[in-house]
Amino acid sequence: MSPDTAAIRSSYAPAPGHRYAVGDRVRIKGVFPPGHRRTPWYIRGKRGVIERICGAFPNPEELAYGFDGEPAKVLYRVRFAQKHVWPGYRGPDHDVIEMEIFEHWLEPDEGEAP
Amino acid sequence: MSGPFDFYAKRPHDHGHEHDHDDHKPESEAEGPPSEFEILSRAMQELLEAKGVVTADQIRRRIELFEEDFPYRGGRVVARAWTDPAFKRRLLEDGRSACAEAGIELEAERLIAVENTPDVHNLIVCTLCSCYPRALLGMPPTWYKSRNYRSRVVFEPRAVLREFGTLLPDHVTVRVHDSNADMRYVVVPMRPKGTENWSEERLAGILTRDTLVGVTVPQVPGKE
């Protein structure tokens, strides 16, 4: 059984104008810019589903270099199927991995669900 | 602590050289000269003290809290969630405000509590560094910070769980959380059978650090 996402609400920092909603299918940008990035390499280019909206937070890619991190960026939790993230994954199809991804790392995923 | 949880601490080093560490060497000799960051931190503290911003005793007290109180907070919070369903719901909705309600100030930390069920087992890691809910669980254990745990638990969580003595049937979904940005995580384990009449304090006793990270599940003593 897949974990239930519908019931999860977030009451952290508000995220006005968020582009994606819970349940939306997204793709993590497959780009490799230099600098301080909180998007793990292994998830770049992978496709998942928005699990919850965490709020808006100062941009760590700016904070890391002494700037104020403004404007804040909307942070999401994205859920991925392990079998999609790791083609050689040894475990059942329903295992998942989730992580936090800032909005500017996301793009809509129009294709078939992975 | 001895037992299966030392597995990662005892793994060979991965910093590019082969040698035996002398476990009996006194700490003072093993430390070597202070690093650049230690010197920076010391200088910062001395300046803050000189300017009257903080006192040495306040800093000492803070370190003491990290070691003496923080590691037990997570168990207390989850024990309360086990005995109070309304509190559990609030904890799952907003970890930080539920902790505040329980008298635990998490300061800047945003906490996401994730619940284990008969169908889902949750497991926490930070692959990028070693983000950890310090205000709730104290300082992270050595294995949590190890490259071995951080790199393997994302792609072979079931193998890593097995090494911790945790065997999960295939019908249970393993849900790994990479704590890679602003959120911190705590697992709300399933309350074991046989604890129905236990007090919160007694329940907190089986909610060990490792159960709240998700590498193991709470055990009722004598029933293993």
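What to know about the overall build of chain B
When helices and strands are tallied, chain B shows 12 helices and four strands. For chain B, the proportion of its 224 residues judged to be buried stands at 33%. Summarising the internal contacts of chain B: among those between residues at least 6 apart in sequence, 72% fall at separations of at least 24.

Overview of the interface of chain B and chain A
Where interface size is quoted, it is often the accessible area lost as the parts come together. Between chain B and chain A, the residue contacts involve 22 residues of the former and 24 residues of the latter. Examining the composition of the side of chain B that touches chain A, we find that six residues originate from one element, strand E3 (residues 173–178) of chain B, more than from any other. Of the residues in the side of chain B that touches chain A, the class split is eight nonpolar, four polar and 10 charged. Both strand E4 (residues 96–102) of chain A and E3(B) contribute to a ladder of four bridges, which runs parallel.

With respect to the environment of A:Arg38
Looking at where A:Arg38 falls in the secondary structure, it is placed in the loop between strand E1 (25–28) and strand E2 (47–57). For A:Arg38 and A:Asn59, which are 21 residues apart along the polypeptide, the C-alpha to C-alpha distance reads 9.7 Å. With residues near it in sequence (within four places) discarded, A:Arg38 still touches A:Pro60, B:Leu128, B:Asn180 and B:Ala181.

Let's talk about the domain arrangement of chain B
Partitioning chain B into domains gives domain 1 (36–68) and domain 2 (71–213). Relative placement of domain 1 of chain B and domain 2 of chain B: their C-alpha centres are 30 Å apart.

Section: helix H3 (residues 56–68) of chain B
In a regular helix each residue adds 1.5 Å, so 13 residues correspond to 18 Å; H3(B) covers 18 Å between its end C-alpha atoms and thus fits that length. Within H3(B), only zero of the 13 residues are buried, leaving the element largely exposed.

Side note on the environment of B:Thr208
Take B:Thr208: it is sitting in the loop between helix H11 (200–206) and helix H12 (209–213). Between the C-alpha atom of B:Thr208 and that of B:Pro118, which follows or precedes it by 90 residues, the distance is 20 Å.

Brief notes about the pairing of strand E2 (residues 120–125) of chain B
All names here are of chain B. Judged by how many residues are buried, E2 sits mostly within the fold: five of six residues are covered. In the sheet, E2 pairs with E3 via six bridges, with the strands oriented parallel. When the bridges of E3 are listed, Val125 appears paired with Asp178.

Structural notes on the confidence of the model for chain B
Residue and element names in this part refer to chain B. Counting all residues, the mean pLDDT for chain B is 87, and 86% of those residues have values of 70 or more. Note on residues 1–19: pLDDT under 50 across the span, and 18 contacts to partners over four residues away in sequence or across chains. Of the two predicted TM-score estimates for the complex, the pTM is 0.83 and the ipTM is 0.89.

A short note on the sheet that holds E2(B)
Sheets are built from strands that pair by backbone hydrogen bonding, the pairs being arranged parallel or antiparallel. The strand order across the open sheet formed by seven strands is E5(A)-E1(A)-E2(A)-E3(A)-E4(A)-E3(B)-E2(B), and the pairing between neighbours is mixed. Two strands in the sheet have a free side with no partner beyond their single neighbour: strand E5 (106–108) of chain A together with E2 of chain B. Going from strand to strand, the sheet's axes swing by 35° on average, the running direction of each strand aside.

Things to note about the packing of helix H4 (residues 70–83) of chain B against helix H5 (residues 85–93) of chain B
The axes of two packed helices give the description: the angle between them and the distance between them. All names here are of chain B. At their nearest, the axes of H4 and H5 sit 5 Å apart, and the two run at 125° to each other. One element, H4, and the other, H5, form an angle in the oblique class. Residues Val77, Arg80 and Ala81 of H4 lie in contact with H5, whose contacting residues are Phe87, Lys88 and Leu91. Residue composition of the contact of H4 with H5, by class: four nonpolar, no polar and two charged.

Rules and cut-offs
- Residues numbered from 1 in each chain as written.
- Chains lettered and ligands numbered in written order.
- Predicted model: local features only at pLDDT ≥ 70, side-chain atom pairs only at ≥ 80, totals over all residues.
- Helix = DSSP H or I, 4+ residues; strand = E, 2+ residues; numbered from the N terminus.
- Buried ≥ 20, exposed ≤ 12 C-beta atoms within 10 Å, placed from the backbone.
- Contact = placed C-beta atoms within 7 Å.
- Nonpolar A, V, L, I, M, F, W, Y, C, P; charged D, E, K, R; others polar.
- Pairing = 2+ DSSP bridges.
- Domains from an automatic or database assignment.
- Expected span 1.5 Å × (residues − 1).
- pLDDT = per-residue confidence, 0-100.
- Axes fitted to C-alpha atoms, helices over the stretch in contact; angles between N-to-C directions.
- Parallel < 35°, antiparallel > 145°, perpendicular 65-115°, else oblique.

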